[in-house]
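Chain by chain, the residues run as shown.
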Amino acid sequence: MATFLYRLGRGAFRRRGLVALLWVALLFAAGFGAATASAPTSGSFSIPGTEAQKAFDVLDKKFPGMAADGATARIVVKAPAGSSVNDEKNKAQVEKIVSNLKGGPGKAQVASVTDPYQAQAVSQDGSTAYVSVKYTVSGMELKDETRDALKDSGTGAQAAGLTVEIGGDALMTAPETGSGEIVGILIAAIVLVITFGSLVAAGLPLLTAIIGVGIGVSSITALANVLDLGSTTSTLAMMIGLAVGIDYALFIVSRYRVELAEGRARDEAAGRAVGTAGSAVVFAGLTVVIALVGLAVVNIPMLTKMGFAAAGTVVIAVLVALTLVPAILGFAGKKVLPAGTKSKLFGKGKPAGTEPRANGGTRWARFVLRRPVMVLLVGVIGLGAIAIPASKLEMGLPDDGAQPVSTTQRKAYDLLSEGFGPGFNGPLLVVVDGDKKLADATEARIKGLEGVAAVMPPTPNEAGDASVITVIPKDRPSSVETENLVHTIRDGSGDDVLVTGATAMNIDFSQKMNDALLPYLALVVGLAFLLLMVVFRSILVPLKAALGFLLSVVAALGAVVAVFQWGWLGSLFGVEQTGPIMSMMPIFMVGVVFGLAMDYEVFLVTRMREAYVHGERPGQAVVTGFQYSARVVVAAAVIMIAVFSGFIGASEQMIKMIGFGLAIAVLFDAFVVRMAIVPAVLALLGHKAWWLPRWLDRLLPNVDVEGESLRKHLEGSAGSSDGPDKDRELVNA
C-alpha cells in the first residue's frame, strides 16, 4: 500500500495542474447540481418493526391521507385575565384567524383548518383555544408566503389584547449554525499558523478541506429529494467532513515538511509523505467510514442515510488528502518552508538534517515513561468520575417543549399545557383494526386505566372496519408515567389494537436505540479491532485502543447528561431548556467518536510502530512517536474541537448537542486517552505490546503502513540514474 500511495502522491505532485482541474470541475459540477435541485425536505421518519410504525401503516391503508407527511400547526389563543375566548369580541378574533388561514395568501398549500368552537378545542375554563392547520406539504416545502400567512394570522387578535402563539412543525426551517461555525474555522486557522509558522502551509489544509466539504455537502443537497435525506444530514456531514478534512491534510503536509527537512526533492517529499502519512490517513478514514456505515445495523432509515452521507464526505476527504494536497503542494513551491528552517513543528530552528531538540512531546513521553502507573490511574479515575452521570441517561425525541423559552413554539406548548393539561401536547392514537364493537370495548377499557386524562370517542373509517381513538395522558409526553401508560394499553390489547402518535413513536425509537447499541458496538469495535490488528501487527495495541475509546465515549456521554439533562453549566453552552437526551445521540456519538478516536490512535501509534520496526526499543519508540507526532496530533485535536464547538451555537437542539458531545469526546480521547493512557499502557507492556502469534502473522495481509517496503523499494532504486536523484535535478531546475 505504501508503495502505491507513494506513486499516487508523486504523480499528483507532477501532474498538479490536471489534478487540481479535475477537483475544481467536480466542485463546480456538485455545486451546479445543488443549485438546480429543489429545496430539501425534512425527510420521512419511520421505525421499521415497531408497533407505532405498524399502526401508521394501518392508518395509511384504512384512513387515506390521515397519515400523510404534511406539516401541521396550532395557533394557540389565550384570552386576557378576567375574560374568556368564548366572549363575543374574542370569539370574533379567533374566527378571523380561521378565515385568514382559509382564504389568505398561501391557501393553495392549506389542506384543512379546524374551527376550535366546532372541534371542541376550547379549554374548560374558557381561557384558551387553538386552531389546527394541516398543510399539503412538509414544513421545509412550505412557500414563504404560506409561512408568512401563518405567522401573520393572529396579528389582529394580538392587537385586540389576546395572546397568540404558534406551534407545530409548519415553522420548521433549515437549521442555523450561527457564527460559531465561522469562529471554529478561524480558531483552526490560528492553530495551523502557529503549528506551521507559514501562512501558505496553514491555509493549505483549510483550502483542501473546504473543497472536499463543498463537494460532499453539495452532492448531498443535490440528491436530498431523490434519496429523501433530512434537513440535518448536510449539516452533520459538513461537521464531520470539515474536521477530518483539515486533520488529514494537516498530517500529509506535516510529513511533507519533515521529508523536505531531510533534504529530499519536493516531488520525492510529496511521494514519501503520501506513502507514509497517507497510509495512516487511509486506515484512519476507514475506521470512520466503518463506524458511520455501521449505523445501518440500527435499521432506522433516517439514521442510516445520515451515516452513509457523512461516510461519503469522509471518503472524499481521504481522496482529497491523497491527491489534491500533494498537487497544491506543487503549486506552493518554496512558500511551504522546510521543517527546521522556520517552523517550530520540527527542529525548533535547527539546520536541516540535524537531530531535533527535545520538544514538548518528547518531554511529556519521558515523564509518562517514568511514572506510567500514576498517569494511568489519574486518567482512568478522572474519566470514570466524569462518566458517572451517564448512568442516569434518559432518552427521548425533541418536541416543541425542548425549544428555547423565547420561541413562539415553546410558548404555544406551554399555553396548551396550562389550558388543557400537560398530556395534551403528547396525545396517543389508538388504532383499532376491527369493527365498532371492538372499538367500543377498547374505549371502555382505556377509560378505566390510571394516568388517562381524557378519551375521545372512536372515529371510524368509511368502511367501518377500523377506528381511531385519541387518548390524552395526564402527564407530560416525556414522563415515565406516560411511557407506562403506553405499555399498559399495549399489554392489555390484542394484535388488532395498536398505539401510535408522536409520544409512542418516541418510546419505540428510544427502545430501538437501546436494543441496537450493544450489537452496533460489537460490530464496529470488532471490525475496527481487526483493521487495527492488520495495521499494527499486534493484539494488545488494538485492544487497548478499543478499551480507551469506550472510556472516553462514556465520559463524553456523562458530560452531555450533566449539561443537557441536568443543566450543569447549561447557560454557558446556550442550553435554555433541559430534558432527555435525544435517542439517537448516544449511538450516533459512539459511531463518530470511535472513528475519530481511531484517527489519533493510528496517527500516533503508527509512528511508534515505525520506530519499533526500525530497531528502537519499546520505550524509545514511544518517545520517538511523541517527538514527531504529538504536536501534530495536539494541533489536529484542537482543530477538531474548534470545528465541533462551532456547532454548539446552532439553533437546532440536535446539532447543538452533537456538536458539544463530539467536541468534549475528542478532548477526552485525544488529550487523556491517546496522549496519557496510551503511552502509559505501552510503557507497562514493553515488547509484549507488539506481540502477534506467528500463525496469525502469516494469515494477516501485510499492508505496510509504516512504509518499510517503500523504504526498501526506494533504497533499491537509489543507484539508478533514472531514480530519485535525477528527478530531484529535474524538479529543482
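Remember, it's a predicted structure, so these values are computed and weren't measured experimentally.

S.K.: Residue-level account of the packing of aromatic side chains, with values.
M.R.: In total, this model carries nine aromatic pairs according to the counting rule given. Pairing Phe573 with Phe660 gives two aromatic rings, centres 4.8 Å apart and planes at 65°, and the pair type is edge-to-face. With Phe573 in the loop between helix H18 (540-565) and strand S11 (581-582) and Phe660 in helix H21 (residues 653-685), this residue pair connects regions lying 87 residues apart in the sequence. Between the NZ or CZ atom of Lys91 and the centre of the ring of Tyr117, over which it lies, the distance is 5.0 Å.

S.K.: Residue-level account of the nonpolar core, with values.
M.R.: Residues Tyr248 and Phe549 are the most contacted members of the largest nonpolar core, which totals 183 residues. Setting aside anything within four residues of it in sequence, one finds Phe549 in contact with Leu521, Val525, Val590, Val593, Phe594, Ala597, Met598, Asp669 and Arg674. In terms of nonpolar packing, the next biggest core, distinct from the first, is built from 24 residues, Ala73, Ile75, Val98 and Ala170 among them.

S.K.: Give a detailed account of the packing of helix H2 (residues 16-36) against helix H11 (residues 301-332), specifying residues and quantitative values.
M.R.: With their axes 9 Å apart at the nearest point, H2 and H11 run at an angle of 135° to one another. Here H2 lies oblique to H11, going by the angle between them. When the axes of H2 and H11 are compared, the crossing they make is left-handed. Counting all contacts with H2, which are made through Arg16, Gly17, Val19, Ala20 and Trp23, the residues of H11 involved are Ile316, Leu319, Val320, Thr323, Leu324, Ala327, Gly330 and Phe331. Looking at side-chain class alone, the contact of H2 with H11 contains nine nonpolar, three polar and one charged residues.

S.K.: Let's hear about helix H14 (residues 408-420): which residues, and what values?
M.R.: For H14, with 13 residues, the first-to-last C-alpha span of 18 Å sits near the 18 Å given by 1.5 Å per residue. Of the residues making up H14, those classed as buried are Gln409, Arg410, Ala412, Tyr413, Leu415, Leu416, Ser417, Gly419 and Phe420. The inward-facing, buried residues of H14 abut strand S1 (72-78), strand S3 (128-135) and strand S4 (163-167). At the C-terminal side of H14, Gly421 shows a positive phi close to 105°.

S.K.: Account for the pattern of salt bridges, with residues named and values stated.
M.R.: Here the structure, examined in full by the defined rule, presents 19 salt bridges. Salt-bridge contacts for Arg537 lead to Asp697; the nearest nitrogen and oxygen are separated by 2.8 Å. Taken together, the residues span a long stretch of sequence, with Arg537 in the loop between helix H17 (502-536) and H18 and Asp697 in helix H22 (residues 694-699) at a distance of 160 residues. Classification of Arg537 by relative accessible area gives buried; the value is 9%. Under the relative-accessibility criterion, Asp697 is labelled partly exposed at 35%. Residue Arg674 pairs with Glu601 through a salt bridge whose shortest N-O separation is 2.7 Å. One end of the pair, Arg674, is in helix H21; the other, Glu601, is in helix H19 (residues 584-613), and 73 residues separate them in sequence. One exposure class covers both Arg674 and Glu601, and it is buried.

S.K.: Lay out the side chain of Asp267 with the relevant residues and their values.
M.R.: Inspection of the secondary structure assignment puts Asp267 in helix H10 (residues 266-293). Of the polar contacts made by the side chain of Asp267, one reaches the side chain of Arg10; its length is 3.4 Å.

S.K.: Go over the pairing of S3 with me, naming the residues and quoting the values.
M.R.: For S3, a buried count of six out of eight residues is recorded, marking the element as mostly surrounded by other parts of the structure. Pairing geometry for strand S2 (residues 110-114) and S3, over four bridges, is antiparallel. What sits directly across from Ser112, in S3, is Lys134.

S.K.: Describe in detail the sheet that holds S2, supporting the description with residues and values.
M.R.: Sheet architecture is open: four strands sit in the order S2-S3-S1-S4, paired in antiparallel fashion. Edge strands, defined here as strands with exactly one partner in the open sheet, are S2 and S4. Strand-to-strand twist across the sheet, computed as the mean angle between neighbouring axes with direction ignored, equals 20°. Summarising the sheet, S1 and S4 pair through five bridges and their orientation is antiparallel. Pairing of Ile75 across the sheet is with Ile166, part of S4. Across the sheet, H14 lies against S1, S3 and S4, angled at about 110° from S4, the strand it touches most.

What counts as what
- Residues numbered from 1 in each chain as written.
- Predicted model: local features only at pLDDT ≥ 70, side-chain atom pairs only at ≥ 80, totals over all residues.
- Heavy atoms only, no water.
- Phe/Tyr/Trp six-rings, centres within 6.5 Å; stacked < 30°, edge-to-face > 60°.
- Helix = DSSP H or I, 4+ residues; strand = E, 2+ residues; numbered from the N terminus.
- Lys NZ or Arg CZ within 6 Å of the ring centre and 35° of its normal.
- Core = buried A, V, L, I, M, F, W, Y, C linked by side-chain atoms within 4.5 Å.
- Buried < 20%, exposed > 50% of the residue type's maximum accessible area, 1.4 Å probe, protein only.
- Contact = heavy atoms within 4.5 Å.
- Axes fitted to C-alpha atoms, helices over the stretch in contact; angles between N-to-C directions.
- Parallel < 35°, antiparallel > 145°, perpendicular 65-115°, else oblique.
- Left-handed = near helix turned anticlockwise from the far one by under 90°.
- Nonpolar A, V, L, I, M, F, W, Y, C, P; charged D, E, K, R; others polar.
- Expected span 1.5 Å × (residues − 1).
- Salt bridge = Lys/Arg side-chain N within 4 Å of Asp/Glu carboxyl O.
- Polar contact = N/O pair within 3.5 Å; in protein donor to acceptor, adjacent residues only side chain to side chain.
- Pairing = 2+ DSSP bridges.

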